[in-house]
Amino acid sequence: RVKENGKDDYLLHSGEMDPVALHKLTLQHDLRKALLNDEFQLYYQPQYDLSSGQIVGMEALIRWKHPKRGLVPPCDFIPAAEESGIIVPLGEWVIKEACRQNKAWQDEGIPRIPVSVNLSIRQFSQRNLNEKVADILRSSGLEPRYLELEITESMTMDVERASQCLKELTELGVNISIDDFGTGYSSFHYLKNLPIARLKIDRSFVRDIQQDPNDAAIVAAIIAMAHNLSLQVIAEGVETEHQVHFLRSHRCDEMQGYYGSPPLCSEEIGKLLRDKLNRPAISVRPSTGNG
Ligand code: C2E
Ligand code: MG
Ligand code: MG
Ligand code: MG
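Bear in mind that the values here come from a model prediction, so they are computed numbers and not experimental data.

The rules behind these values
- Residues numbered from 1 in each chain as written.
- Chains lettered and ligands numbered in written order.
- Predicted model: local features only at pLDDT ≥ 70, side-chain atom pairs only at ≥ 80, totals over all residues.
- Heavy atoms only, no water.
- Donors = N, O, S within 2.8 Å, 3.2 Å for Na, K, Ca; no water.
- Helix = DSSP H or I, 4+ residues; strand = E, 2+ residues; numbered from the N terminus.
- Buried < 20%, exposed > 50% of the residue type's maximum accessible area, 1.4 Å probe, protein only.
- Contact = heavy atoms within 4.5 Å.
- Expected span 1.5 Å × (residues − 1).
- Polar contact = N/O pair within 3.5 Å; in protein donor to acceptor, adjacent residues only side chain to side chain.

## As for the coordination of the magnesium ion (ligand 2)
Inference 1: Around the magnesium ion (ligand 2), the donor atoms from the protein are E59 (OE), N118 (OD1), E150 (OE) and D179 (OD), and they sit 2.0 to 2.2 Å away.
Inference 2: Site description for the magnesium ion (ligand 2): donor spacing in sequence, E-x58-N-x31-E-x28-D.
Inference 3: Here the magnesium ion (ligand 2) and the magnesium ion (ligand 3) are spaced 4.1 Å apart, with D179 acting as a shared donor. One end of the pair, N118, is in strand β4 (residues 115-118); the other, E150, is in strand β5 (residues 147-152), and 32 residues separate them in sequence.
Inference 4: Owing to a relative accessible area of 30%, N118 belongs among the partly exposed residues under this scheme.
Inference 5: Judged by relative accessible area, E150 falls into the buried class, the value being 1%.

## Overview of the environment of G270
Inference 1: Inspection of the secondary structure puts G270 in helix α12 (residues 266-275).
Inference 2: Spatially, the C-alpha atoms of G270 and K132 are 27 Å apart, while their sequence positions differ by 138 residues.
Inference 3: Setting aside anything within four residues of it in sequence, one finds G270 in contact with W105 and I110.

## Focus: helix α10 (residues 213-228)
Inference 1: Between its first and last C-alpha, α10 extends 22 Å over 16 residues, near the 22 Å set by a 1.5 Å rise per residue.
Inference 2: Buried within α10 are the following residues: D215, A216, V219, A220, I222, I223, M225 and A226.
Inference 3: Tucked into the core, α10 has its buried residues touching β6 (175-181), α8 (188-193), β7 (198-201), α9 (203-206), β8 (232-235) and α11 (241-249).
Inference 4: Two or three places before N214, at the start of α10, stands the capping residue D212, its side-chain oxygen 2.8 Å from that residue's backbone nitrogen.

## Considerations on the coordination of the magnesium ion (ligand 3)
Inference 1: Around the magnesium ion (ligand 3), the protein contributes the donor atoms D179 (OD), D180 (OD), E236 (OE) and E236 (OE), at 2.1 to 2.5 Å from the metal centre.
Inference 2: Binding-site remark: the magnesium ion (ligand 3) is held by donors from one chain whose sequence spacing is D-D-x55-E.
Inference 3: Overall, D179 belongs to the buried group, its relative accessible area being 7%.
Inference 4: Judged by its relative accessible area of 25%, D180 falls in the partly exposed class.

Structure follows, in structure tokens:
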């Protein structure tokens with residue numbers, strides 16, 4: 001049985017297959033196997049309050065612990081997972097694992113902070129996403145306000161649909177943030193109509209604020225706009241003290257980036273959270289003066 005233009009045909013003749021397509025099929029097959037074999041792991045990157053210096057949140061970032069290739073970053077497999085649809089069960093695993101881990105830390109007595117999880121547009125287009133999230137929250141025992149879902153702006157997003165879906169999620173008590181803000185199809189229509197709690201300024205704007213006055217102006221304007229809309233704002237990819245001072249002087253609420261900490265495995269961040277209990281985790285010195 002050979003389908004004329006189907007996948008079966010491709011597989012039977014894989015010897016003649018375009019290497020790029022073959023690589024993609026292999027990767028998709030490996031991803032399915034990896035999900036069954038429990039080869040994924042979450043790293044967590046702390047988020048810091050810019051006025052107190054305390055860790056006030058963390059973002060869950062997926063890694064693939066590949067038996068041969070070692071730790072594979074998300075850019076090497078998320079696109080294939082999205083294309084094949086594996087992102088739906090994989091994304092569900094991420095939400096489950098992040099909620100389970102956060103609840104375990106809370107039960108240990110670590111100060112309660114929210115965990116952010118990245119959602120892909122494919123998960124977002126599922127009809128029963130809110131029910132899935134509600135089930136996960138119920139079975140993990142994590143209070144909804146300790147889960148945040150990050151979405152990226154996308155051309156393909158149907159604002160009506162998105163708005164309904166996000167409304168259902170926020171009714172559960174979950175917060176929504178816009179990730180990589182400024183890089184996508186960031187129409188004001190979205191900001192006006194979607195129930196968003198915060199913006200994450202993309203790191204491409206933060207990177208050159210010291211050298212590029214246009215980037216500095218854009219970052220300052222996003223912070224001011226967010227606050228005028230009563231949204232929280234966090235800067236991504238913060239690496240230098242200068243960036244911290246700039247963000248603080250423009251009253252940005254929070255920062256995330258290597259200046260504070262890279263993403264850490266659960267053991268490492270668990271240790272950091274226990275150690276930093278009640279102590280400022282990043283320097284809160286003002287930019288001027290000889291301190
Ligand atoms: P993102 O959500 O914008 O995550 C931030 C990325 O920036 C992370 O890369 C993080 O390691 C990196 N980063 C953090 N601080 C700095 C810094 O100071 N400098 C620089 N240069 N980079 C920094 P990562 O972990 O490789 O993740 C890349 C992207 O993959 C994420 O971007 C997100 O879009 C996607 N992703 C990660 N985990 C998941 C997931 O569970 N589901 C989905 N759908 N996407 C995910
Ligand atoms: Mg993110
Ligand atoms: Mg981002
Ligand atoms: Mg991104």
